[in-house]
Amino acid sequence: QVQLVESGGGLVQAGGSLRLSCAASRITFSSFAMAWFRQAPGKEREFVAAISWSGGSTSYADSVKGRSTISRDNAKNTVYLQMDSLKPEDTAVYYCARARGNGISTNSLGYNYWGRGTQVTVSS
């Protein structure tokens, strides 16, 4: 049963922007930290950004820091990832995940609900 669904991916030119969304189905994440991970072809899944349950704390990977903004709307059970100044190396499948608790973690083992991903492709 799909409980997290990502959307907003697509093909963009380098320097462009995308806003990814993650919507919950039949579950809530209002009391849980949320995160975005990504996986490029031939590479391991890596941390991108995370946000605490209240939205008061955020964390970003060095590779996207300054170019990305994670946010959430608990009333809508939705989390977002705004990505600006996109680079070809940002090309990957992006996954939304719900944490096991309300604290931020950069380790995928700290998350127990996952979406099926949305493809982001950045052309040079």
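Above this text sits the structure in question.
Residues numbered from 1 in each chain as written. Predicted model: local features only at pLDDT ≥ 70, side-chain atom pairs only at ≥ 80, totals over all residues. Heavy atoms only, no water.

Peer 1: Would you mind going over the pattern of salt bridges with me for this structure?
Peer 2: Between side chains of opposite charge, a pair can form when the charged atoms approach closely. Throughout the structure, instances matching the rule amount to four salt bridges. In this structure, Arg 38 engages Asp 90 in a salt bridge whose closest nitrogen and oxygen atoms are separated by 2.9 Å. Taken as a pair, Arg 38 in strand β4 (residues 34–39) and Asp 90 in the loop between β8 (78–83) and β9 (92–99) lie far apart in primary sequence, 52 residues in all. For the pair Arg 38 and Asp 90, one class covers both residues: buried. (Salt bridge = Lys/Arg side-chain N within 4 Å of Asp/Glu carboxyl O. Helix = DSSP H or I, 4+ residues; strand = E, 2+ residues; numbered from the N terminus. Buried < 20%, exposed > 50% of the residue type's maximum accessible area, 1.4 Å probe, protein only.)

Peer 1: How should I be thinking about the state of the cysteines in this particular structure?
Peer 2: Here a disulfide denotes one covalent bond, and it connects the sulfur atoms of two cysteines. Summed over the entire model, instances satisfying the criterion amount to one disulfide. The disulfide partner of Cys 22 is Cys 96, and the gap between their sulfur atoms is 2.1 Å. Between Cys 22 and Cys 96, the disulfide has an S-S torsion of -80° and is therefore left-handed. Within this pair, whereas Cys 22 is found in strand β3 (residues 18–24), its partner Cys 96 is found in strand β9, the two being separated by 74 residues in sequence. Grouping residues by exposure puts Cys 22 and Cys 96 together as buried. (Disulfide = S-S within 2.5 Å.)

Peer 1: How should the environment of Val 64 be read in this particular structure?
Peer 2: Relative to the elements of secondary structure, Val 64 occurs in the loop between β6 (58–60) and β7 (68–73). Taking relative accessible area as the criterion, Val 64 reaches 0% and is therefore assigned buried. Along the primary structure Val 64 and Asp 90 are separated by 26 residues, whereas in three dimensions their C-alpha atoms are 8.5 Å apart. If near-sequence neighbours (up to four positions away) are discounted, Val 64 is found in contact with Arg 38, Val 48 and Asp 90. (Contact = heavy atoms within 4.5 Å.)

Peer 1: Would you mind showing me how to read the pairing of β3 here?
Peer 2: Look at any regular strand and the pattern is simple: side chains alternate between the two faces of the sheet. Relative to β3, strand β1 (residues 4–7) runs antiparallel, the two being bridged by four bridges. Residue pairing in the sheet places Glu 6 in a bridge with Cys 22 of β3. (Pairing = 2+ DSSP bridges.)

Peer 1: So what exactly am I meant to see when it comes to the sheet that holds β1 here?
Peer 2: Whenever strands of a sheet pair, they do so through backbone hydrogen bonds, lying parallel or antiparallel. Strand order in the open sheet formed by four strands is β1-β3-β8-β7, and the pairing between neighbours is antiparallel. Taken across any chain shown, the strands that pair with only one partner, and hence form the sheet edges, are β1 and β7. Shown here is a sheet whose adjacent strand axes are inclined to one another by a mean of 15°, direction ignored. Sheet topology note: the β7/β8 ladder contains six bridges and is antiparallel. (Axes fitted to C-alpha atoms, helices over the stretch in contact; angles between N-to-C directions.)

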